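# Results of the structural survey
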Amino acid sequence: MNHFCDIDDIDDLSGWLARGKALALDQGALGTPGKGKTLCLLFFNNSLRTRLSTQMAARRLGLEVIVMNFGAEGWQLEYEDGTVMDGGKAEHIREAARVVGTYADLIGVRAFAGLQDREADYAEQVLKGFARHSGVPVLNMESATAHPLQALADALTVEAYRKTDRPKVVLSWAPHPRALPQAVPNSFVRMMRRMPVDLVVTHPEGYELAPEITGGAPVVYNQEEALKNADFVYVKNWSSYTRYGQILTQDPGWMMTRNKLGTAQFMHCLPVRRNVVVEDAVLDSAQSLVIHQAANRTRSAQLALAHLLESNA
Ligand code: CP
């Protein structure tokens, strides 16, 4: 059983990017391998882009789509085996996943980090629970620690807008009033490490991502220094990995401004808080690629779903 849970599930990245380029020219380039099949999307958390782009992608591949807001409308699920279920959780993942697997040929799951327990979040109980027990291929629509559909859309965007063979890409932390997961920066860093780019990560001390995520990528604590000669600047907030889920600073000096951006192209996964994460002048400039990134979400979902359909045929 093949799943699309993380960047590692992309075997041949250059082949995927080439197919993405073909999709940009012809949205029907991958055919309709989903004809006669059903995709069930389960949302444990809110969404705009993922929800709509994945449905559009599925329709283009010929799939029927059913959607459930599991977080608001589903039974609370138990994930531990051998538990005496005499508390608030009404259903075990073993039954829930198998049941959904009888209704659908593929399942998409969105389930964010709780940010209370690092081990539990990084164990990916929800996503892996559906992958283990449903009996059908599972698509990660942003899990506790990874957002591969976003990272694939970001890779397509860098490919389409790069002006040099080896652009400098800077991932810059930004302030935010709420604690956010590491899923987007984790997947973006892992994706860029597989691309022909020079990646630099910049954030205040204490916001280091997991060492296995950054690998050998340079981490620079001085944002101004990191941004020098950048071709792409990807801005994102995340909460601390080491002091798990905590906000260590909200220093507005880390907000991205037109002045700091220079001539670089600006990227963000959206949604974004204006004048907290990035100032209006950046988002409203021609240097902003955020709408292109969002448009590429349909293509990234089409690529991932086509891969699941083809490899599990
Ligand atoms: N970037 C992204 O995943 O957007 P949504 O949370 O709106 O789906």
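Residues numbered from 1 in each chain as written. Predicted model: local features only at pLDDT ≥ 70, side-chain atom pairs only at ≥ 80, totals over all residues. Heavy atoms only, no water.

## Comments concerning the pairing of strand β7 (residues 168–173)
With six of its six residues buried, β7 lies for the most part within the structure. The alternating pattern of β7 places K168, V170 and S172 on one face and V169, L171 and W173 on the opposite face, and all of these are buried. Sheet topology places β7 next to strand β8 (residues 198–202); five bridges connect them, and they run parallel. Directly across from L171, in β8, lies its bridge partner V201. The parallel pair β7 and β8, bridged by helix α8 (residues 183–192), forms a crossover whose chirality is right-handed. Pairing geometry for β7 and strand β10 (residues 232–236), over five bridges, is parallel. Residue W173 lies in a different strand from β10, and its bridge partner there is K236. (Buried < 20%, exposed > 50% of the residue type's maximum accessible area, 1.4 Å probe, protein only. Helix = DSSP H or I, 4+ residues; strand = E, 2+ residues; numbered from the N terminus. Pairing = 2+ DSSP bridges. Right-handed = clockwise from strand over helix to strand, strands pointing away.)

## Things to note about the packing of helix α1 (residues 13–25) against helix α13 (residues 290–311)
Interhelical geometry of α1 versus α13 gives an angle of 120° and a closest axis separation of 10 Å. By the angle class used here, α1 and α13 are oblique. Once α1 is placed against α13, the crossing between them reads as right-handed. Contacts from W16, R19, G20, L23 and A24 of α1 reach α13 at R299, Q302, L303, A304, H307 and E310. (Axes fitted to C-alpha atoms, helices over the stretch in contact; angles between N-to-C directions. Parallel < 35°, antiparallel > 145°, perpendicular 65-115°, else oblique. Left-handed = near helix turned anticlockwise from the far one by under 90°. Contact = heavy atoms within 4.5 Å.)

## Brief notes about the sheet that holds strand β2 (residues 64–68)
Taken in spatial order, the four strands make up an open sheet running β2-β1-β5-β6, and their pairing is parallel. In this open sheet, the two edge strands, each paired with only one partner strand, are β2 and β6 (138–140). Geometrically, the sheet is characterised by an average inter-axis angle of 20° between neighbouring strands, direction not taken into account. Against the sheet, helix α2 (residues 49–60) makes contact with β1 (38–43), β2, β5 (106–110) and β6, and its axis sits at roughly 175° relative to β1, the strand it touches most.

## Regarding the site of the ligand
Neighbouring residues of the ligand: S47, L48, R49, T50, R110, H147, Q150, C269, L270 and R297. In the environment of the ligand, a nitrogen atom lies 3.0 Å from a nitrogen or oxygen atom belonging to the side chain of Q150. In the complex, 93% of the free accessible area of the ligand, which totals 250 Å², lies under the protein chains. Residue assignment places the shell around the ligand across two domains, with domain 1 (7–146 + 297–311) and domain 2 (150–293) each supplying three or more. (Near = heavy atom within 4 Å. Polar contact = N/O pair within 3.5 Å; in protein donor to acceptor, adjacent residues only side chain to side chain. Areas by Shrake-Rupley, 256 points an atom, 1.4 Å probe, with all protein chains shown as cover. Domains from an automatic or database assignment.)

## Remarks on the packing of α2 against α13
Taken N-terminus to C-terminus, the directions of α2 and α13 make an angle of 50°; their axes are 8 Å apart at the nearest point. The angle between α2 and α13 falls in the class oblique. Pair α2 / α13 crosses with right-handed handedness. Counting all contacts with α2, which are made through R49, T50, S53, T54, M56, A57, A58 and R60, the residues of α13 involved are A294, R297, T298, A301, Q302 and L305. For the contact of α2 with α13, the per-class residue count stands at six nonpolar, five polar and three charged. (Nonpolar A, V, L, I, M, F, W, Y, C, P; charged D, E, K, R; others polar.)

## Looking at the side chain of S187
Mapped onto the elements of the fold, S187 is located in helix α8. Overall, the relative accessible area of 0% leaves S187 in the buried class. Setting aside chain neighbours within four positions, we find S187 in contact with D6, I7, A146, H147, P148 and A151.

## Some details on unusual backbone geometry
Look at the link from L270 to P271: it is a cis peptide, with omega at 0°. Tracing the chain through its elements places P271 in the loop between β11 (265–267) and α12 (280–283). The phi torsion at L115 lies on the positive side, around 60°, for a residue other than glycine. Counting through the fold element by element, L115 comes out in the loop between β5 and α5 (118–122). Judged by its relative accessible area of 12%, L115 falls in the buried class. The phi torsion at E142 lies on the positive side, around 105°, for a residue other than glycine. Residue position: E142 is located in the loop between β6 and α7 (148–161).

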